[in-house]
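Read off the chains here:
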Amino acid sequence: LIFKPRTVKSTSINLQGCKIVSAEAPGPSQKDGMAAASQGETGLGHERLGMGTKRSLSPKLSTASEPAQKVQCSLPPCSPPPPDDFEEIMRGAAPPPSPSTAFFRPAVDRGIKYLVVSGGVCSSLGKGVATSSMGALLRGHGFRVTAIKLDPYVNIDAGLMSPYEHGEVFVLDDGGETDLDLGNYERMMFLNLGRSNNITTGKIYDWVIKKERKGDYLGKTVQVVPHITGAIIEWVDRVAKMSTDGSGLPPQICMIELGGTVGDIESMPFIEALRQFKFSLPENSLAWCHCSYIPNMSGQKTKPTQHSVKTLLSLGIQADIVICRSPDPLAEETRKKIGNQCNIHPTRILSAHDVQNLYHVPGILADQHIVGLLNGILKLGDLDVTPSPFVIRDRSLRSLSDWKNFAQRVDRASDAKPVVIAFVGKYNKGGGDAYQSILNALQHAAISQGRKLQLDWVDAADLERPTGKESNSEAQERFRSAEERLQAADGIFVPGGFGDRGFDGKARAAGLAREWKKPYLGVCLGMQVALVQFARDTLELPDATSEEIDPKKGSKNHVIMYMPEISKETMGANMRLGSRWVEFVNPSTSLVAGLYGGAGRIMERHRHRYEFNIAYKVAMEKKGLIFSGQDESKERMDVIELPASTHPFYVGVQFHPEYKSRPAQPSPPFHGFIAAACGGSALQDLHATSRKRGSHPHWSPFMLDAAGGC
């Protein structure tokens, strides 16, 4: 580096807002010293160029040896940042709010934490399982949790949806017919939700339109923003404060699952509402967890997840955590790539790979410190986790060790001797989703018996004897094969259903189970077909049937009749729905009452519009059938059974006990059925143990009052 003896203009910059002052560069008298200093450094003046040592960004002030360099600061100091809640400061001087302010910024409760779970790339990723598992872990840390499902479809509820397309309809205590994911929430988080915990586009629009007709919008033009989004926020805020765990205390954390896939048109109002909702809450009040899919095609591919997260970002939402569904555990390289491309720290990219059973999912998420991550985002340490007396007495699965132990029990049961159940249904082609709660109830019971559940799916239509044009060799073979499979099974189960297809096949299955003395459990329609077949076989009424399949009343013996108080003009939510009391006529001798711990009455969930015609009750009792359970009016029969002296286990229930089955707390009718199917003394041992233990408050809610739990 060569310095020439000439005068060069230079400047010094004050980084604190000072003026720029010109000064003369060093003259010839200073050249020798500078050159020597330069030659003493390797790399030709690296230190002066900021390449050898760390360069300071602080401004240098003039010294006595450099009188020409003057710093003249004339700018004022920086003002302090404004407070976060500007409206609180300006409240006294602010103009009165516009009537529309409440629509754009609805008042919300600012003390509840929210965790939103969305999905991208494709449907059926397991958002409900992820939501339930995270809720279970948070519950295990002592937090009171609740759950809300946002469904973008325009239906008011799921009551009239096809099981083939949408899966089962899950019925709640208050009679709400909801999405099957609410069943996941109840089973994993041990909650009792209500119909308001399932929000659909149809419900929101119906609510807003009714308010508009009443004049609640003051003549404003009702729009998606702010009125639809405001209604969603208001609904979420209201439901999030409702106690659902039996403690009577308001929840501390609300899990919100957004149905559908990010990018769908129908889900846009919900995403916009949640975006607005986040900014109505204090800092650290809402976390967003996004579920995505990582296909494995010559390695784990991240592009679908990148596009999904960026679609969410384009809608104003930055995901806090990404849960990646994949066949195999997420590779560290994949995790880092997703984090880099999606602007999320790699520690917040979690793997949700395939497992042997779903009860391992809480453990998998816990091993990746999901609760710690949520604590960092939501400041969960600020919440009070003092347990209530109800929680102290609670014996349900709660801690992480509880879930890991139960998952290991499931693994051991899967390696044990199988118990084969012939499942005589009509929605078998819809897969497991069409009967999800029933499958869970059967599995809970099999796990408690330490046996592997093996289902033989028998189509009810195959059990109907082919006649006329349908009587060909193929149909005859299906009929013969279906009957052989029933005979080979350890037990026969007939679920509920609607319509005439497969009705006679189910009735035949109930008759064969009675004839062969094979353990039988019928739920809802399963009880009705058992009564119809009993009338045909023992009362010698060959035309006995149900009014449901004989609406023109061609038969003179309608053993099952339409409930008189149910309207025939509409179908949606037009049934006997929700939790109802079931009273046992003689609890001391009833097998089913014994399975419920000898309770005199229980509360179970119903969903039916047809019932038993009590005109046939006396005649059937004379033939040995026991009507052991009835409603409070004693006019509706809810439980039938055959005495143990004539049949090992023959039970029909009008209600749906599967809706209240929980892990490690199997539904009593299902538990007794599986115990009977296992053979030996399993049923007798279970019956004796249940009576000794006594009734459980889960099926007898009135016991909570006596115990001080509510």
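Just so it is clear, the structure is predicted and the values come from calculations on it, not from any experiment. Within each chain, residue numbers correspond to sequence positions counted from 1 in written order. Reporting of local features is limited, given that this is a predicted model, to residues whose pLDDT is at least 70; pairs of side-chain atoms are given and counted only at 80 or more, and all residues count toward the totals for whole chains, interfaces and linings. Heavy atoms throughout the structure, all of them, feed into the side-chain values; hydrogens and water do not.

Draft legend 1. Representation of the environment of Tyr-293 within the structure. With respect to the helices and strands, Tyr-293 occurs in strand E9 (residues 286-293). Categorising residues by exposure relies on relative accessible area from a 1.4 Å probe, with only protein chains included: less than 20% of the type maximum marks a residue as buried, more than 50% marks it as exposed, and the intermediate range marks it as partly exposed. You can call Tyr-293 partly exposed: its relative accessible area is 31%. Note: C-alpha distance between Tyr-293 and Ser-308 (15 residues apart in sequence) is 9.4 Å. Only heavy atoms matter for contacts: two residues are in contact if any of them lie within 4.5 Å across the pair. With sequence-adjacent residues up to four places away left out, Tyr-293 is seen in contact with Val-121, Cys-122, Leu-125, Pro-304, Thr-305 and Arg-325. By the criteria applied, helices consist of DSSP H or I runs no shorter than four residues and strands consist of E runs no shorter than two, each listed in order from the N terminus.

Draft legend 2. Expanded view of the environment of Lys-553. In this structure, Lys-553 sits in the loop between strand E16 (545-546) and strand E17 (558-562). Residue classification places Lys-553 among the exposed positions, given a relative accessible area of 54%. Apart from the residues within four sequence positions on either side, Lys-553 is in contact with Glu-547 and His-558.

Draft legend 3. Representation of the side chain of Ser-247 within the structure. Topologically, Ser-247 is positioned in the loop between helix H9 (224-239) and strand E8 (253-258). Given a relative accessible area of 13%, Ser-247 falls into the buried group. Looking at Ser-247, its side chain comes within polar contact range of the side chain of Asp-245, at 2.7 Å. Whenever a nitrogen or oxygen atom comes within 3.5 Å of another N or O atom, the pair is scored as a polar contact, on the condition that within protein one atom can donate a hydrogen and the other can accept it, and that pairs from neighbouring residues in sequence are kept only if both atoms are in side chains. Within the structure, Ser-247 has its side chain in polar contact with the backbone nitrogen of Leu-249 (distance 3.2 Å).

Draft legend 4. Focus on the sheet that holds strand E20 (residues 610-612). Ordered in space as E16-E17-E20, the three strands form an open sheet in which the pairing is mixed. Each of the sheet's edge strands pairs with one partner strand only, and the pair in question is E16 and E20. Any two strands with at least two DSSP-identified bridges between them are counted as paired. Across three bridges, the pairing between E17 and E20 is antiparallel. If you follow Met-561 over to E20, its bridge partner there is Glu-611.

Draft legend 5. Region of interest: the pairing of strand E22 (residues 637-641). Burial analysis of E22 places five of its five residues in the buried class, which makes it a mostly covered element. Inspection of the sheet shows strand E21 (residues 626-630) paired to E22 by four bridges, in the antiparallel sense. What sits directly across from Phe-627, in E22, is Ile-640. Of the pairings in the sheet, the one linking E22 to strand E23 (residues 650-653) comprises three bridges and is antiparallel in character. Bridge pairing in E23 links Ile-640 to Gly-652.

Draft legend 6. Layout of the confidence of the model for the protein chain. Predictor confidence is given residue by residue as pLDDT, running from a minimum of 0 to a maximum of 100. Mean pLDDT over the protein chain works out to 85, with 81% of the residues at or above the 70 mark. Within the model, the stretch residues 7-31 combines pLDDT values under 50 with 34 contacts to residues more than four positions away or in other chains.

Draft legend 7. Examining the pairing of strand E12 (residues 418-425) more closely. For E12, a buried count of six out of eight residues is recorded, marking the element as mostly surrounded by other parts of the structure. As judged from the eight bridges shared by E12 and strand E13 (residues 452-459), these two strands associate in the parallel manner. Residue Ile-421 lies in a different strand from E13, and its bridge partner there is Leu-455. Where E12 and strand E14 (residues 491-494) come together, three bridges link them in parallel fashion. Bridge pairing links Phe-423 to Phe-493 in E14.

Draft legend 8. Geometry of the pattern of salt bridges. Between Lys or Arg on one side and Asp or Glu on the other, a salt bridge is scored when a side-chain nitrogen of the former is within 4 Å of a carboxyl oxygen of the latter. Tallied over the entire structure, the rule returns 31 salt bridges. Two residues, Lys-149 and Asp-151, come together in a salt bridge whose shortest N-O distance is 3.1 Å. For Lys-149, a relative accessible area of 3% gives the class buried. On the basis of relative accessible area, Asp-151 is assigned to the buried category, the value being 3%. Of the charged contacts in the structure, one is a salt bridge between Asp-179 and Lys-149, with a shortest N-O distance of 3.1 Å. With Asp-179 in the loop between strand E6 (177-178) and helix H7 (181-189) and Lys-149 in strand E4 (residues 145-151), the pair connects residues that are 30 residues apart, well separated along the chain. Three or more residues joined by partner-sharing salt bridges are found here, namely Lys-149, Asp-151, Asp-179 and Asp-181.

Draft legend 9. Structural view of the packing of aromatic side chains. What counts as a ring pair is set by centres within 6.5 Å for rings of Phe, Tyr and Trp (its six-membered ring), and what kind of pair is set by the plane angle: stacked under 30 degrees, edge-to-face over 60, tilted for all other angles. Evaluation of the coordinates by the stated rule reveals 19 aromatic pairs. Judged by centre distance (5.0 Å) and plane angle (70°), the ring pair of Phe-170 and Tyr-659 falls under edge-to-face. Taken together, the positions of Phe-170 in strand E5 (residues 170-171) and Tyr-659 in the loop between E23 and helix H23 (668-678) put the pair 489 residues apart, joining distant regions of the chain. Phe-170 gets classed as buried once you look at its relative accessible area, which sits at 0%. For Tyr-659, a relative accessible area of 4% gives the class buried. Their ring planes at 45° and their centres at 6.1 Å tell us that Phe-584 and Tyr-596 sit as a pair that is tilted. Pair noted here: Phe-584 is in strand E18 (residues 576-584) and Tyr-596 is in the loop between helix H21 (591-595) and strand E19 (601-608), with a separation of 12 residues, a long-range link.

Draft legend 10. Just the sheet that holds strand E11 (residues 349-353), in detail. Read across the sheet, seven strands follow the order E7-E4-E8-E3-E9-E10-E11 without closing on themselves; strand pairing throughout is parallel. Strand pairing shows two members of the sheet lacking a second neighbour, strand E7 (198-200) and E11, which therefore form its edges. If you compare each strand with its neighbour and ignore which way they point, the axes differ by 20° on average. Here five bridges tie strand E3 (residues 113-119) to E8, and the two strands are oriented parallel to one another. Between the N-to-C directions of two axes lies an angle of 0 to 180 degrees, each axis being a line fitted to C-alpha atoms and, for a helix, fitted only over the stretch in contact.

Draft legend 11. Inspection of the nonpolar core at higher detail. Formed by 43 residues in total, the largest nonpolar core has its most connected members in Val-424, Leu-486, Tyr-520, Leu-531, Val-559, Phe-612 and Met-620. When residues of this core are traced back to their parent elements, those giving at least two are E12, helix H18 (473-488), E14, helix H19 (503-516), helix H20 (525-537), E17, E20 and E22. In terms of residue count, the dominant contributor to this core is H20 (eight residues). Leave out the neighbours within four places in its chain, and Val-424 touches Val-458, Ala-460, Leu-463, Leu-486, Ile-492, Phe-493, Val-494, Pro-495, Lys-506 and Ala-509. Grouping buried Ala, Val, Leu, Ile, Met, Phe, Trp, Tyr and Cys residues that are joined through side-chain atoms within 4.5 Å yields what is termed a nonpolar core.

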